[in-house]
Amino acid sequence: MDSTPNNGKLLFDVGGTFLKAVIADGNGRFVPDTEYSVPMPSDGPREEIEQALIAAVERGMRSAADRGLRIGCTGIAFPGPFDFGLGIPLMTHKFRNIYGISLLDLLRTRTDVGPTMPVLFMHDVNAAMLGEMRCGNARGFANAALIALGTGLGFACCLDGEVQYAPTGSPRITVYKKPFRDGILEDYVAKRGFLRLYGEITGQDTGPSLTVADLGRMAGEGDARARETFATVGGILAAALRDLLVEHGVECLLLGGQISRSFAHMEAALRDGLRDVAGLTRIAPAEHIGEAAFYGLLAQADGSC
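Scoring rules and cut-offs
- Residues numbered from 1 in each chain as written.
- Predicted model: local features only at pLDDT ≥ 70, side-chain atom pairs only at ≥ 80, totals over all residues.
- Heavy atoms only, no water.
- pLDDT = per-residue confidence, 0-100.
- Helix = DSSP H or I, 4+ residues; strand = E, 2+ residues; numbered from the N terminus.
- Pairing = 2+ DSSP bridges.
- Contact = heavy atoms within 4.5 Å.
- Axes fitted to C-alpha atoms, helices over the stretch in contact; angles between N-to-C directions.
- Parallel < 35°, antiparallel > 145°, perpendicular 65-115°, else oblique.
- Nonpolar A, V, L, I, M, F, W, Y, C, P; charged D, E, K, R; others polar.
- Expected span 1.5 Å × (residues − 1).
- Bend = angle between axes of the 7 residues up to and from the residue.
- Buried < 20%, exposed > 50% of the residue type's maximum accessible area, 1.4 Å probe, protein only.

Enquirer: How should the confidence of the model for the protein chain be read in this particular structure?
Expert: Detailed reading of predicted coordinates is not advised where the pLDDT is low. In this model, the protein chain carries an average pLDDT of 94, and 97% of its residues clear a pLDDT of 70 or more. Of all secondary-structure elements in the protein chain, the lowest mean pLDDT belongs to strand E11 (residues 179-180), at 91, while strand E14 (residues 282-285) reaches the highest, 98.

Enquirer: What am I meant to see in the sheet that holds E14 here?
Expert: One key point about sheets: their strands pair by backbone hydrogen bonds, in either a parallel or an antiparallel sense. Read from one edge of the open sheet, 5 strands run E10-E9-E8-E13-E14, paired in mixed fashion. The sheet is open, and its two borders are formed by strand E10 (162-163) and E14, each paired with just one other strand. Two elements, strand E8 (residues 144-149) and strand E9 (residues 153-159), share 6 bridges in a ladder whose sense is antiparallel. Paired with alanine 144 across the strands is cysteine 158, a residue of E9. Packing against the sheet, helix H3 (residues 124-135) makes contact with E8, E9, E10 and strand E13 (252-256), and its axis sits at approximately 45° to E9. Its contacts with the sheet place helix H7 (residues 224-247) against E8, E9 and E13, and it is angled at close to 155° to E8.

Enquirer: I tried to follow the pairing of E14 on my own but got confused; where do I start?
Expert: For a regular strand, side chains alternate in direction, first toward one face of the sheet and then toward the other. Note: E13 against E14, 4 bridges, orientation parallel. What sits directly across from leucine 255, in E14, is proline 285.

Enquirer: Any chance you could explain the packing of helix H5 (residues 191-202) against helix H6 (residues 212-220) here in plain terms?
Expert: When two helices pack together, their arrangement is given by the angle between the helix axes and by the axis-to-axis distance. Where H5 meets H6, the closest approach of the two axes is 9 Å, and the angle between their N-to-C directions is 55°. As the angle between them shows, H5 and H6 are arranged oblique. Residues Lys191, Phe194, Leu195 and Tyr198 of H5 touch H6, and the partners they reach there are Val212, Leu215 and Met218. Taken together, the residues of the contact of H5 with H6 sort by class into 6 nonpolar, no polar and 1 charged.

Enquirer: I'm lost on H7 in this one. Help?
Expert: With 24 residues, H7 ought to run about 34 Å at 1.5 Å a step, and its terminal C-alpha atoms sit 35 Å apart, in line with that. Of all the bends in H7, the greatest, near 45°, is centred on leucine 241. Residues Ala226, Thr229, Phe230, Val233, Gly234, Ile236, Leu237, Ala238, Ala240, Leu241, Leu244 and Leu245 constitute the buried set of H7.

Below, the structure is given as structure tokens:
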């Protein structure tokens, strides 16, 4: 990594609703008070998504300049499918209105990234996995996996100390489309799954305003039905992942994504369902739930930016 303190890095983590950003200096340290977010709805029109990215870059550049930093590299963690070499989204389930659009060209022609600055695109879950390997709860494990629970379901793993990439740059192993009951696994353990299960347990329509964060708060306050929802998801995850963890000799399983902030309410069921997986010695939330992708981008940028 460039040790020149003035050679900053502008890092982005794109989610389903917001783009988060932070500035790191040339020594790989996050600059205090430079983290910010910009609304970037994944179901928005092309112009809105593009303008959000442009605005985020402009804000970061101004923030760096105000601190006497020069940005020498940009890194972006983005969900997939995505052509990470060319910077082209290939999703149809979200960000569908920028399908096939080169975000790299957008950055080079409409922002101060310009024609020569190195730009790194990385799958968000792979970035989080790498970040946890380098400075999180996966440190010291040769074989580790991270499952990200949020609007969707992500999965990444490292084997023999190396993050496993598909040729496109996405995770080599995916689980979100794994058949489960009357659908796929993502239907049961991502946001919509939690709300669906809670509705089944209560016999009530959850309504559009209820969030998984609400369920986590309710579970923390002792709501038995909310706790049952999390325990049920923990059991589903264990049943769905068990054979995969055994096959690859996974020693460390981490939960990331915003829903993992409620890990305590899933932990007992998850541990119980995986208790006989030989060699699995750590089951825990990611150490850096909100920043793991930033740490991964920094690690990947080492030597390439």
